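Overview (structure and organization)
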Amino acid sequence: MTPPSAITAKTAGPWVEIDLSAVCANYAMVRNGAPGAETAAVVKCDGYGLGAAAVAQVLATREKCRSFFVAYPEEGAALRAIFKNITPAPAIYVFNGPLPETTALFEQANLIPVLNNLEQAHKWADRKPDAPAVLHIDTGMNRLGAPASELAAIAALGSLRIEMVMSHLACASDPKHPKNTAQRKLFEELAQQFPGARRSLSASGGAMMSADYHYDLLRVGVALYGASPFDEEDNRIAPVAALKAPVVQVRQADRGETVGYGATHQVEGPARFATIALGYGDGFPRASSGRAHAFINGERARIAGVVSMDLITLDITKLKRPVKTGDIAEFFGPNLSIHDAAAACGTLPYELLTGLGGRVDRRYL
Ligand SMILES: *Cc1c(COP(=O)(O)O)cnc(C)c1O
């Protein structure tokens with residue numbers, strides 16, 4: 001029997017096409033734009049929903065990427081297994097620092113923790129003296145990272161080997177935001193307490209900003225996956241993912257009829273609708289109801305009525321070409337930018353990608 005966690009719909013369901021050469025092109029674009037820095041790949045949350053194994057494998061072999069970041073040690077251990085034939089072995093960093101119960105996993109899988117406060121630093125130094133670690137310094141995000149007040153005590157821990165200090169920008173989605181400069185200045189000042197440690201400030205946003213933000217290592221996530229880290233689209237980034245699903249039924253309806261749950265879509269005159277095998281159960285947000293579009297047979301069609309768990313209805317009344325069962329609708333991809341799709345869903349490409357459900361088949365090009 002198939003375990004319940006392996007819910008997939010390989011037939012007649014939605015899928016996401018993942019262009020791994022575009023992932024490589026995006027990696028190379030960032031790396032070439034920051035020749036003084038190492039470009040590391042962030043593959044947390046299963047490679048932003050697109051498959052950490054496939055993405056890490058292709059970046060390590062084709063692009064010789066040698067540093068990877070994940071959020072949890074379990075994700076790091078899975079990556080270590082994927083890298084078993086790659087030399088030199090890539091470094092795997094874990095953003096969420098170690099807990100007493102995960103220290104063994106860090107050791108077994110040869111993971112480098114990002115220490116986020118004095119207590120973590122203390123415990124790591126006690127348990128794993130002289131093992132390499134990264135220190136996350138908070139420069140204004142107030143989320144994760146050690147406050148300035150703890151740094152002197154951390155620097156004084158004799159058996160702690162901080163190989164890199166990092167921080168994270170709160171407002172890199174807007175390169176002109178004054179907080180970027182403020183955080184950069186504070187980072188430089190605070191990093192002085194760790195002479196000899198490498199420095200890392202930027203994720204995709206800072207990595208694609210001026211060289212002032214590059215330092216020694218870039219932690220690039222969303223740009224690899226084909227989406228802009230900025231509020232605006234950025235044509236330096238190649239699209240990677242295409243979300244597609246088939247038409248399962250085509251219907252006619254007339255004035256006075258309604259479409260979908262809650263009868264929210266009123267039909268104004270003779271109309272045609274195509275029902276698509278994609279829903280919020282696959283991670284396509286219900287908030288896109290009546291707003292987002294799909295690209296079908298060369299034209300755009302808007303969602304009519306509310307998105308349901310397994311199905312979406314498109315208004316195809318005005319399309320020039322006929323639509324039939326089995327035709328394919330694209331919800332984002334080369335023909336419909338993920339930026340626009342996310343905006344129509346009231347969210348960001350980050351959330352759209354990482355929200356893709358287990359039923360969405362991952363197909364690698
Ligand atoms: C997720 C994350 C990144 C990657 O961010 P992108 O905007 O996707 O490039 C980098 N650094 C930290 C600390 C993160 O949490």
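In this text, all values refer to a predicted model and were calculated from it rather than measured experimentally.

Parameters and conventions
- Residues numbered from 1 in each chain as written.
- Predicted model: local features only at pLDDT ≥ 70, side-chain atom pairs only at ≥ 80, totals over all residues.
- Heavy atoms only, no water.
- Buried < 20%, exposed > 50% of the residue type's maximum accessible area, 1.4 Å probe, protein only.
- Helix = DSSP H or I, 4+ residues; strand = E, 2+ residues; numbered from the N terminus.
- Pairing = 2+ DSSP bridges.
- Right-handed = clockwise from strand over helix to strand, strands pointing away.
- Arc of directions from axis to C-beta.
- Contact = heavy atoms within 4.5 Å.
- Polar contact = N/O pair within 3.5 Å; in protein donor to acceptor, adjacent residues only side chain to side chain.
- Domains from an automatic or database assignment.
- Buried area = accessible area lost by both parts, 1.4 Å probe.
- Nonpolar A, V, L, I, M, F, W, Y, C, P; charged D, E, K, R; others polar.
- Salt bridge = Lys/Arg side-chain N within 4 Å of Asp/Glu carboxyl O.
- Axes fitted to C-alpha atoms, helices over the stretch in contact; angles between N-to-C directions.
- Near = heavy atom within 4 Å.
- Areas by Shrake-Rupley, 256 points an atom, 1.4 Å probe, with all protein chains shown as cover.
- 1 Å grid on protein atoms, 1.4 Å probe; cavity = no way out; pocket = protein on both sides within 12 Å on 5 of 7 lines; lining within 4 Å.
- Sits in = over half its atoms within 2 Å of the grid points.
- pLDDT = per-residue confidence, 0-100.
- Phe/Tyr/Trp six-rings, centres within 6.5 Å; stacked < 30°, edge-to-face > 60°.
- Parallel < 35°, antiparallel > 145°, perpendicular 65-115°, else oblique.
- Left-handed = near helix turned anticlockwise from the far one by under 90°.

1. What to know about the pairing of strand β6 (residues 132-136)
β6 sits mainly inside the fold: four of its five residues count as buried. Here strand β5 (residues 112-115) runs beside β6; their pairing, made up of two bridges, is parallel. Pairing of L115 across the sheet is with L135, part of β6. Tracing the backbone out of β5, into helix α6 (residues 118-127) and back to the parallel element β6 gives a crossover that is right-handed.

2. Quick word on α6
Turning to α6, its buried residues number three or more, namely Q120, A121, W124 and A125. Looking down the long axis of α6, one finds its buried residues gathered within 130° of arc, a one-sided arrangement. Exposed and facing more than 90 degrees away from the buried side of α6 are E119 and D126. Of the surrounding elements, those touching the buried residues of α6 are α5 (103-108), β5, β6 and α7 (148-155). For α6, the N-terminal cap is N117; the gap from its side-chain oxygen to the backbone nitrogen of E119 is 3.2 Å.

3. With respect to the domain arrangement of the chain
Here the domain parsing of the chain yields domain 1 (20-225) and domain 2 (241-364). Each of domain 1 and domain 2 has a C-alpha centre, and these two points are 37 Å apart. Residue-level contacts link nine residues of domain 1 with seven residues of domain 2. Between domain 1 and domain 2 the total buried area reaches about 770 Å² when both faces are included, carbon and sulfur atoms providing 72% of it. Its largest share of buried area at the contact with domain 2, domain 1 owes to Y48, L50 and V222, together 54% of the area lost on that side. Connecting domain 1 to domain 2 are two residue pairs in polar contact (both at pLDDT 80 or more). Tallied by class, the residues present in the side of domain 1 that touches domain 2 amount to seven nonpolar, two polar and no charged.

4. A word on the pattern of salt bridges
Overall, the coordinates contain 13 salt bridges when judged by the stated rule. One salt bridge connects E119 with K123, and the closest N-O pair in it is separated by 2.9 Å. In this pair, E119 and K123 both sit in helix α6, four residues apart, roughly one turn of the helix. E299 is the partner of K320 in a salt bridge, and the nearest nitrogen-oxygen pair spans 3.7 Å. Of this pair, K320 sits in the loop between β16 (312-315) and β17 (328-332) while E299 sits in strand β15 (residues 299-303), and the two are 21 residues apart along the sequence.

5. Focus: the environment of G145
Relative to the elements of secondary structure, G145 occurs in the loop between β6 and α7. Separated by 27 residues in the primary sequence, G145 and L118 place their C-alpha atoms 9.6 Å from one another.

6. Details of the sheet that holds strand β9 (residues 217-220)
Strand order in this open sheet of eight strands is β8-β7-β6-β5-β4-β3-β2-β9, and the pairing throughout is parallel. In this open sheet, the two edge strands, each paired with only one partner strand, are β8 (198-200) and β9. Across this sheet, the average inter-strand angle for adjacent strands is 30°, counted without regard to direction. In this sheet, β5 lies alongside strand β4 (residues 91-94) in parallel orientation, the contact comprising two bridges.

7. Considering the site of the ligand
Around the ligand, a shell composed of 14 residues is seen, among which K44, Y48, S204, V222 and Y350 lie nearest. Within the contact set of the ligand, an oxygen atom lies 2.5 Å away from a side-chain nitrogen or oxygen of Y48. The contact in question runs from an oxygen atom of the ligand to an N or O atom on the side chain of S204, over 2.5 Å. Burial of the ligand by the surrounding chains reaches 90%, relative to a free accessible area of 390 Å². Structurally, the ligand is housed in the largest pocket.

8. Let's talk about the confidence of the model for the chain
The predicted model of the chain has a mean per-residue pLDDT of 95, with 97% of residues at 70 or higher. Contacts for the low-pLDDT stretch residues 1-6, under 50 throughout, to residues beyond four places or in other chains number zero contacts.

9. Remarks on the packing of aromatic side chains
By the definition in use, this model includes eight aromatic pairs. Ring centres of Y48 and Y350 lie 6.2 Å apart, and the angle between their planes is 35°; on these two criteria the pair is classed as tilted. Linking Y48 in helix α2 (residues 44-48) with Y350 in helix α11 (residues 349-354), this pair joins segments that are 302 residues apart in sequence. Exposure remark for Y48: the relative accessible area of 6% places this residue in the buried category. Judged by relative accessible area, Y350 falls into the partly exposed class, the value being 32%. Each ring, one from F69 and one from F95, has its centre 5.0 Å from the other, and the planes form 25°; the classification is stacked.

10. Thoughts on the packing of helix α1 (residues 20-33) against helix α3 (residues 52-62)
For any two helices packed against each other, one specifies the inter-axial angle together with the distance between the axes. Interaxial distance between α1 and α3 falls to 10 Å at its minimum, and their mutual angle equals 55°. Between α1 and α3, the crossing angle belongs to the class labelled oblique. For the pair α1 and α3, the crossing hand works out as right-handed. On α3, the residues touching L20, S21, V23, C24 and Y27 of α1 are A54, V55, V58, L59 and R62. Grouping the constituent residues of the contact of α1 with α3 by class yields eight nonpolar, one polar and one charged.

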